[in-house]
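# Per-entry structural report
Listed here are the chains, written in short residue letters.
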Amino acid sequence: MRWVAILTLLTVLAGCSGEKLASVQTGPVSVTAPASPNWALGAPREVETVTTPTHGVPIYATGPENLLEYLDAIVLNEARVASIKPAWSPVGPARAYVQRSPTFGFPDVVSVEAIDLGAGDAGQRASLVIFSRAVYGYADLGVNRARIERWLSLLSDTVPIVAGRGLGG
C-alpha cells in the first residue's frame, strides 16, 4: 500500500500544472540564485547578470532571432522537451522549455534570452543567457549543468563563434 501512495504522489508531481511551471520561470538575466544546488546559469562575459554564471556562453555570428531558431532546432530534438510560453517579461527575444526526467517525468524549466550584441567585424553578433532549474527537489545530480553544456556544445557545432570561450570560460 505504501508503494501505491508513493507512485501516486510521484505521478501527481510529474504531472505538474502549467501554473506551477510558470511560477518557477524567471528571466535568466535577473534571476537570483536559489538556495538549492539544482540549477545552472550560462551567460557571456559581456552581459551583466544578477547571479554569477556557472557557464560562459560564446558570442555567435548571427542575430538574436536566428540564434533562438538554431537553439529551437537543437532543443526540440531532445527527448521529453516541450516549448512553453515565457512567463517573465523578456527584454528581447526569448524562449522557455520544460524537459522531463526519463523515469518519473519530473520537470526542469529552462529560460533563455537572446542578447543582441550589435555588429562587429564579423557582422551580426548575439549570445544567450540560459537559466535551467529543477522544479522539484533540492539536488539535481548535475543534470541542469550538463544540459547547458550539451546545448551550448551542439549550438557551437552549428553556429560560428566570433568571441568567447564558451564552456567554463
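Quick note: structure is the one above.
A short tour of the structure in this document, coming up. Numbers given for residues are sequential positions, taken from 1 along each chain in its written order. For this predicted model, a pLDDT threshold of at least 70 governs which residues receive local features, and a threshold of 80 or more governs which side-chain atom pairs are given and counted, while totals over whole chains, interfaces and linings are taken from all residues. Side-chain calculation: all heavy atoms of the structure are included, whereas hydrogens and water are not.

The next subject is helix α4 (residues 143-158). When the terminal C-alpha atoms of α4 are compared, their 23 Å separation across 16 residues agrees well with the 22 Å that a helix rising 1.5 Å per residue should span. Taken together, the buried positions of α4 are occupied by Asn144, Arg147, Ile148, Trp151, Leu152 and Leu155. For α4, the arc enclosing every buried residue in end-on projection is 120 degrees, short of the 170-degree limit, so these residues lie on one face. What counts as a helix is a DSSP run of H or I of at least four residues, what counts as a strand is a run of E of at least two, and both are numbered from the N terminus. Helix span, expected: 1.5 Å multiplied by one less than the number of residues in the helix. Exposure classes here rest on a 1.4 Å probe applied to the protein chains alone. A residue is buried below 20% of its type maximum, exposed above 50%, and partly exposed in between. Within this analysis, the arc is defined by the directions that extend from the helix axis to the C-beta atoms.

Right, let's get into the packing of aromatic side chains. Aromatic rings from Phe, Tyr and Trp, taking only the six-membered ring of Trp, are treated as a pair when their centres fall within 6.5 Å; an angle between ring planes under 30 degrees marks them as stacked, one over 60 as edge-to-face, and anything in between as tilted. Taken as a whole and assessed by the stated rule, the structure comprises three aromatic pairs. Arranged with centres 6.0 Å apart and planes meeting at 45 degrees, the rings of Phe104 and Phe106 form a pair that is tilted. For Phe106, a relative accessible area of 24% gives the class partly exposed.

Before going further, it helps to spend a moment on the side chain of Thr62. Inspection of the secondary structure assignment puts Thr62 in the loop between β3 (59-60) and α3 (64-75). For Thr62, a relative accessible area of 8% corresponds to the buried category.

Structural measurements only, silent on function.
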